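A closer look at the structure
The chain contents come next:
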Amino acid sequence: MNKQESLRIVVTAVGGNVSALRKRITRIAPRITEVAECASPTLLREVTRFNDYDAVLLDWRSSDDAGTEAVAAAVRACPMIPVIVVSNESEAQHSEHMLRLGAQDYLVKRETNGTQLMRAIHHAIERKRLDIRLKTTLGELGQANARLRSLALKDTLTGALNRRAFFAIANQ
């Protein structure tokens, strides 16, 4: 994505105010041309199904299990779209936990300006693109490896097990 392109994002919240986050984003980052609101992270799948959004910003204010599950639900609901968590919490343990749940980034609201937000969104988009490509490549490699294993253990003309397959079976 070219850094001069406009961005389309969805904002949602866990214990936060979606409208307040939307207003702040449009104020500090004018290159974000569309900011859609989603009342709950569990509804993200429906909001993003028919629209091509670049990222999801999730306002996270809850350190309880429900808040953590909502972040995980947002990541599951949008497997092709990066989820960026924004919060007032600046403790490293919170950010590390959100990243382990699948969020692409964790931003502290009071420490984030428009330039940093745009950079974080662009980096999250690129990381997500690379993550998807890596998963696709790993799947293809797994299939190729299974095919190669099959070819190594079977006669190509008859399809019968070859000598190598019998030795492998005997050694198990």
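Structural data are supplied above this passage.
The present account deals with the structure reproduced in this document. (Residues numbered from 1 in each chain as written. Predicted model: local features only at pLDDT ≥ 70, side-chain atom pairs only at ≥ 80, totals over all residues. Heavy atoms only, no water.)

1. Quick look at the overall build of the chain
- The helix and strand inventory of the chain stands at six helices and five strands.
- Going from the N terminus to the C terminus, the chain shows its helices and strands as β-α-β-α-β-α-β-α-β-α-α.
- Relative to the globule expectation of 16 Å for 172 residues, the C-alpha radius of gyration of the chain, 22 Å, shows a markedly less compact shape.
- Overall, the C-alpha framework of the chain stretches about 70 × 35 × 30 Å when taken along its three principal axes. (Helix = DSSP H or I, 4+ residues; strand = E, 2+ residues; numbered from the N terminus. Rg over C-alpha atoms; globule rule 2.2 N^0.38 Å.)

2. Some words on empty space enclosed by the protein
- Applying the stated criterion across every chain, the model contains one cavity of 30 Å³ or more.
- Of the voids in this model, the largest cavity is the one considered here, and its volume is about 60 Å³.
- Lining the largest cavity, in full, are Leu21, Arg24, Ile25, Ile28, Leu57, Val86, Leu107, Lys109, Thr112 and Leu117.
- No other element matches helix α1 (residues 18-28), which puts four residues into the lining of the largest cavity.
- Of the residues belonging to the lining of the largest cavity, the class tally is seven nonpolar, one polar and two charged. (1 Å grid on protein atoms, 1.4 Å probe; cavity = no way out; pocket = protein on both sides within 12 Å on 5 of 7 lines; lining within 4 Å. Points joined across faces, edges and corners; volume = space filled by probe spheres on them. Nonpolar A, V, L, I, M, F, W, Y, C, P; charged D, E, K, R; others polar.)

3. Focus on the pairing of strand β3 (residues 55-60)
- Of all six residues in β3, six are buried, a share of seventy percent or more.
- On β3, burial covers both faces: Ala55, Leu57 and Asp59 on one face and Val56, Leu58 and Trp60 on the other are all buried.
- The sheet contact formed by strand β1 (residues 7-14) and β3 spans six bridges and is parallel. In the sheet register, Val11 faces β3, and the bridge partner there is Leu57.
- Here β3 pairs with strand β4 (residues 83-87) via five bridges, running parallel. Paired with Val56 across the two strands is Val83, which belongs to β4. (Buried < 20%, exposed > 50% of the residue type's maximum accessible area, 1.4 Å probe, protein only. Pairing = 2+ DSSP bridges.)

4. Describing the sheet that holds strand β2 (residues 32-37)
- As summarised here, the arrangement of the five strands in space is β2-β1-β3-β4-β5, forming an open sheet in which the pairing is parallel. Looking at strand neighbours, the two that pair on one side only are β2 and β5 (105-108), the edges of this open sheet. Each strand axis lies, on average, 25 degrees off the axis of its neighbour in the sheet, ignoring direction.
- Where β4 and β5 come together, four bridges link them in parallel fashion. Residue pairing for β5: Ile84 is matched across the bridge by Asp105.
- Against the sheet, helix α4 (residues 92-100) touches β3, β4 and β5, its axis set at about 150 degrees to β5.
- Against the sheet, helix α5 (residues 114-153) makes contact with β1, β2, β3, β4 and β5, and its axis sits at roughly 95 degrees relative to β1, the strand it touches most. (Axes fitted to C-alpha atoms, helices over the stretch in contact; angles between N-to-C directions. Contact = heavy atoms within 4.5 Å.)

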